[in-house]
Number of protein chains: 2
Amino acid sequence: MSHSQALRHYHDWLKDAHAMEKQAETMLGKMADRLQHYHELKFRIQQHIIETRQQQNQLENILNRYNISHSSVKEVIGKMFAIGQAIAVSFAEDEIVKGTMSCYVFENAELASYTSLIAAATYVGDKESIPIFEQIFEQERVMSDWIFSHLPEITNKFLTLSDQQSIKAKL
Amino acid sequence: MSHSQALRHYHDWLKDAHAMEKQAETMLGKMADRLQHYHELKFRIQQHIIETRQQQNQLENILNRYNISHSSVKEVIGKMFAIGQAIAVSFAEDEIVKGTMSCYVFENAELASYTSLIAAATYVGDKESIPIFEQIFEQERVMSDWIFSHLPEITNKFLTLSDQQSIKAKL
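What counts and what doesn't
Residues numbered from 1 in each chain as written. Chains lettered and ligands numbered in written order. Predicted model: local features only at pLDDT ≥ 70, side-chain atom pairs only at ≥ 80, totals over all residues. Heavy atoms only, no water. Patch = residues over 30% accessible without salt bridge, like charges linked within 9 Å, V, L, I, M, F, W, Y side chains within 5 Å. Areas by Shrake-Rupley, 256 points an atom, 1.4 Å probe, with all protein chains shown as cover. Salt bridge = Lys/Arg side-chain N within 4 Å of Asp/Glu carboxyl O. Helix = DSSP H or I, 4+ residues; strand = E, 2+ residues; numbered from the N terminus. Buried < 20%, exposed > 50% of the residue type's maximum accessible area, 1.4 Å probe, protein only. Contact = heavy atoms within 4.5 Å. Buried area = accessible area lost by both parts, 1.4 Å probe. Polar contact = N/O pair within 3.5 Å; in protein donor to acceptor, adjacent residues only side chain to side chain. Least-squares fit on C-alpha atoms with pLDDT ≥ 70 in both. Core = buried A, V, L, I, M, F, W, Y, C linked by side-chain atoms within 4.5 Å. Phe/Tyr/Trp six-rings, centres within 6.5 Å; stacked < 30°, edge-to-face > 60°. Lys NZ or Arg CZ within 6 Å of the ring centre and 35° of its normal. Axes fitted to C-alpha atoms, helices over the stretch in contact; angles between N-to-C directions. Parallel < 35°, antiparallel > 145°, perpendicular 65-115°, else oblique. Left-handed = near helix turned anticlockwise from the far one by under 90°. Nonpolar A, V, L, I, M, F, W, Y, C, P; charged D, E, K, R; others polar.

**Digging into a nonpolar patch on the surface**
Residues and elements named next belong to chain A.
So, step 1. Together, I83, I87 and F91 make up an exposed nonpolar region whose accessible area comes to about 320 Å².
So, step 2. Note that I87 resides in helix 3 (residues 73-90).
So, step 3. Residue classification places I87 among the partly exposed residues on the basis of a relative accessible area of 46%.

Structure representation (structure tokens):
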């Protein structure tokens, strides 16, 4: 059986993953820039931005191997979407809580994408790429777990500062 | 210290959670209606729609206890968003994969919301509601895990059917 259709989907998903990491960089960058009083979160996001750029390079190597162009409309839309979301959330009084949740949700979108991508790479026989996806998946999982485990503490700090009428609550 | 600000945020988040479950029902309903050849997924979603309706009732009881109206603009926007997303995804050739990922991502948005809501309920002292949020959280976690563990299999089935040029691949 020919894998022509599967390969086509696999290549599309590779491009999607690359566009997603570009979107992640924009979203995380906007958030890190805005944070002022949630130092631990800011630091963790800055760390993850470095990982995100490495992941982009790793995906670009795979795309290059298949001769697939990775500067696409998808990436532009993804970045615009990330900026739009950052602006929308910035109007919210509870920006820190909504922003943290958005990061967590985005990490989980990435986890789903890499899980599907590993299944697709296995199907089409791209054995070389699987360890790369697994490594990226692991970085996303660690980041996702970190955010999730810190969400109660961030919520608590936000509510405490809100009750103190502190302008530090928001970001 | 007065909890006036925290209570205000807590009540807003309760309304958000209710609107989110309305959105979930719309999204899951559209997806279950469209699925034709992914029987196990369709059945699991139908099960979760029943849970989602129960969760709506549980949240309504809490909102009623606080005398908070739950028919709001947020719910209308949430439902419209769910319908819009279903329409957008329906144009994709790989609708089944993108739709399954969207469900997973949505479940994780719910997990983040209930985690934050439990922290907020603890902060404002609404002890009565915590076990309810914990129970809902557990249902979402089980659903999230189910989708995640079935995503490779769904991806694989989609690619196999695509290669066979089967019209069954899409849904």
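**A closer look at the interface of chain B and chain A**
So, step 1. With 40 residues of chain B in contact, the opposing surface of chain A contributes 40 residues.
So, step 2. Between chain B and chain A, the buried area comes to about 3300 Å², and carbon and sulfur atoms account for 66% of it.
So, step 3. The three residues of chain B that bury the most area against chain A are W13, L159 and D163 of chain B, which together make up 18% of that side's buried surface.
So, step 4. Along the contact surface separating chain B from chain A lie 4 salt bridges.
So, step 5. Between R8 of chain B and E93 of chain A there is a salt bridge; the shortest N-O distance is 2.8 Å.
So, step 6. Across the contact surface, chain B and chain A share 18 residue pairs in polar contact (both at pLDDT 80 or more).

**So, the relation of the copies chain B and chain A**
So, step 1. With an axial shift of 0.0 Å and an RMSD of 0.0 Å, the rotation relating chain B to chain A amounts to 180°. Read as a symmetry element, the transformation amounts to a two-fold axis. Proximity to the rotation axis, assessed at the C-alpha, singles out V105 of chain B in chain B; its C-alpha lies 3.1 Å from the axis.
So, step 2. Comparing interface residues between copies, 100% of those in chain B also lie at the interface in chain A; the contact surface is shared.

**Brief notes about the nonpolar core**
So, step 1. I45 and F133 of chain A together with I45 and F133 of chain B are the most contacted members of the largest nonpolar core, which totals 104 residues.
So, step 2. Of all elements in the fold, only helix 1 (4-34), helix 2 (39-65), helix 4 (95-124) and helix 5 (130-163) of chain A together with helix 1 (4-34), helix 2 (39-65), helix 4 (95-124) and helix 5 (130-163) of chain B reach the threshold of two or more residues within this core.

**Considerations on the packing of aromatic side chains**
So, step 1. According to the stated counting rule, one finds 10 aromatic pairs over all chains in the structure shown.
So, step 2. Relative to F158 of chain B, the ring of W13 of chain A lies with its centre 6.0 Å away and its plane at 35°, an arrangement referred to as tilted. Residue W13 of chain A is found in helix 1, and its partner F158 of chain B is found in helix 5; the two belong to separate chains. Accessibility classification places W13 of chain A together with F158 of chain B in one group, the buried group.
So, step 3. Joined through ring pairs, the aromatic side chains of Y104 and F148 of chain A together with F137 of chain B make up one cluster.
So, step 4. Its guanidinium or amino end placed over the ring of Y38 of chain A, K157 of chain A lies 4.7 Å from that ring's centre, counting from NZ or CZ.

**Describing the packing of helix 1 of chain A against helix 2 of chain A**
Geometrically, a packed helix pair is captured by the angle between its two axes and the distance between the axes.
All names here are of chain A.
So, step 1. It is at 9 Å that the axes of helix 1 and helix 2 come closest, and there the two elements cross at 160°. Judged by the inter-axis angle, helix 1 sits roughly antiparallel to helix 2. In the crossing of helix 1 with helix 2, the sense of the turn from one axis to the other is left-handed.
So, step 2. Residues of the contact of helix 1 with helix 2, tallied by class, amount to 12 nonpolar, 7 polar and 8 charged.

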